[in-house]
Amino acid sequence: MKLLSAKFDPDALSIVIQADVDFEQFELFAEPLATALDCDIRERQWGADRHQWLLNFEGCPVWLHYEFYGDICWLSVDNANDVDVLGFLVSLLTPHIKTTQEGLHG
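Residues numbered from 1 in each chain as written. Predicted model: local features only at pLDDT ≥ 70, side-chain atom pairs only at ≥ 80, totals over all residues. Heavy atoms only, no water.

Assigned secondary structure in the chain consists of three helices and six strands. Taken from N to C terminus, the helices and strands of the chain fall in the order β-β-α-β-β-β-β-α-α. Taking 106 residues into account, the globule formula puts the C-alpha radius of gyration at 13 Å, and the chain, at 13 Å, falls close to it. Here the C-alpha coordinates of the chain stretch approximately 40 × 30 × 25 Å along the principal axes. Across the 106 residues that make up the chain, the buried fraction comes to 39%. Looking at the chain alone, contacts between residues at least 24 apart form 43% of all its contacts between residues at least 6 apart. Split by element, the accessible area of the chain, about 6,300 Å² in all, is 50% carbon and sulfur. One way to put it: in the chain the 6 positive side-chain charges average out to a point 4 Å from where the 18 negative ones average out. (Helix = DSSP H or I, 4+ residues; strand = E, 2+ residues; numbered from the N terminus. Rg over C-alpha atoms; globule rule 2.2 N^0.38 Å. Buried < 20%, exposed > 50% of the residue type's maximum accessible area, 1.4 Å probe, protein only. Contact = heavy atoms within 4.5 Å. Areas by Shrake-Rupley, 256 points an atom, 1.4 Å probe, with all protein chains shown as cover. Lys, Arg positive; Asp, Glu negative; His and termini not counted. Charge placed at Lys NZ, Arg CZ, Asp CG, Glu CD.)

Below, the structure is given as structure tokens:
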């Protein structure tokens, strides 16, 4: 799992993730991400250009989305009352973010 950034947007109820994702092998990115977030995978959906997985974090449903054509990945919740969960999840992602400089020197 190669994360480049994770930006929490409480107004959009989402965390936008910049990462190295291979659409054809999405599970190689998504499964370690779910583990890093201490989430259970409840459902896996995919189509021609999109993956959408339903995760569970301590009883809170969290959606993991990836769209191939825009190379866009994000986590979201459906309920504004769950926005604090995203705030916590972004703190779990932070240790996994590798900057370009770290990639060159680490």
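Detailed reading of predicted coordinates is not advised where the pLDDT is low. In this model, the chain carries an average pLDDT of 91, and 92% of its residues clear a pLDDT of 70 or more. Every residue in residues 101-106 is under pLDDT 50, and counting partners more than four places away or in other chains gives one contact. (pLDDT = per-residue confidence, 0-100.)

A separate point is unusual backbone geometry. Its identity as a non-glycine residue notwithstanding, Leu-13 has a phi of 55°, on the positive side. Turning to its location among the elements, Leu-13 is positioned in the loop between strand 1 (2-9) and strand 2 (14-20).

Assignment of secondary structure puts Trp-46 in strand 3 (residues 40-46). Separated by 12 residues in the primary sequence, Trp-46 and Ala-34 have C-alpha atoms spaced 17 Å apart.

Buried within helix 1 (residues 26-36) we find Phe-26, Phe-29, Ala-30, Leu-33, Ala-34 and Ala-36. Looking down the long axis of helix 1, one finds its buried residues gathered within 155° of arc, a one-sided arrangement. What points out from helix 1, more than 90 degrees from its buried face, is the exposed set Leu-28 and Thr-35. Once helix 1 ends, the next one or two residues include Asp-38, with phi positive near 55°. (Arc of directions from axis to C-beta.)

So, on to the sheet that holds strand 5 (residues 60-67). If you walk across this open sheet you meet the six strands as 1-2-6-5-4-3, and the pairing is antiparallel. Strand pairing shows two members of the sheet lacking a second neighbour, strand 1 and strand 3, which therefore form its edges. Each neighbouring strand pair of the sheet contributes to a mean axis angle of 20°, computed without reference to strand direction. Across four bridges, strand 2 lies against strand 6 (residues 72-76) in antiparallel orientation. In the strand pairing of strand 6, Ile-15 is matched with Leu-75. Lying over the sheet, helix 2 (residues 83-93) contacts strand 1, strand 2, strand 4 (50-57), strand 5 and strand 6, oriented at roughly 155° with respect to strand 1. (Pairing = 2+ DSSP bridges. Axes fitted to C-alpha atoms, helices over the stretch in contact; angles between N-to-C directions.)

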